[in-house]
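Now for the letters of each chain:
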Amino acid sequence: MDEQLLNDDDVTLYGLFVDAFARLKPVVPRVLGVPDTWFEVLLRLGRTPGHRLRMTDLAEAVSFSSGGFTRLADRMAKEGLIRRDPDPADRRAALAARPLTRSSG
């Protein structure tokens, strides 16, 4: 590899990101009690306005096939971590959403 490339700030930043990700990946299940893929889904939903995404868009965002994500979403819904809502814009599609929370009071 070219010495200039090895010293490039963007390449260095990418290397630091890869190192940090590798160190954090095993921590998520231990600390949060959920698989890292579940955490990524919850993180993406939590950071999306309205906390809902089309299932196909969410599957693509977490690098899952449609079928693979459907199985993942089934398991997460069973645990009460997400819910599925019909997509008002497309009756053939579904939205993954954060579950409704109970208000205290």
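Only a predicted model underlies this, so the values are computations on that prediction, with no experimental measurement involved. (Residues numbered from 1 in each chain as written. Predicted model: local features only at pLDDT ≥ 70, side-chain atom pairs only at ≥ 80, totals over all residues. Heavy atoms only, no water.)

> Provide a residue-level description of the sheet that holds strand β3 (residues 90-97), including the pertinent values.
As summarised here, the arrangement of the three strands in space is β1-β3-β2, forming an open sheet in which the pairing is antiparallel. Edge positions in the open sheet fall to β1 (52-54) and β2 (83-87), since each of these has one partner strand only. Taken pair by pair, the neighbouring strands of this sheet meet at an average axis angle of 35 degrees, ignoring direction. Of the strand pairs in this sheet, β2 and β3 are connected by five bridges, and their pairing is antiparallel. Each bridged residue has a counterpart across the sheet, and for Asp-85 the counterpart in β3 is Leu-95. (Pairing = 2+ DSSP bridges. Helix = DSSP H or I, 4+ residues; strand = E, 2+ residues; numbered from the N terminus. Axes fitted to C-alpha atoms, helices over the stretch in contact; angles between N-to-C directions.)

> Lay out helix α6 (residues 66-78) in plain terms, naming residues and giving numbers.
Relative to the 18 Å expected for 13 residues at 1.5 Å per residue, α6 spans 18 Å between its end C-alpha atoms, a close match to the ideal helical length. Where α6 ends, the next residue or the one after it, Gly-80, has phi of about 80 degrees, a positive value. (Expected span 1.5 Å × (residues − 1).)

> Describe in detail helix α4 (residues 36-46), supporting the description with residues and values.
Listed as buried for α4 are Trp-38, Val-41 and Leu-45. Mapping the buried residues of α4 onto a view down its axis gives an arc of 60 degrees, with all of them on the same face. (Buried < 20%, exposed > 50% of the residue type's maximum accessible area, 1.4 Å probe, protein only. Arc of directions from axis to C-beta.)

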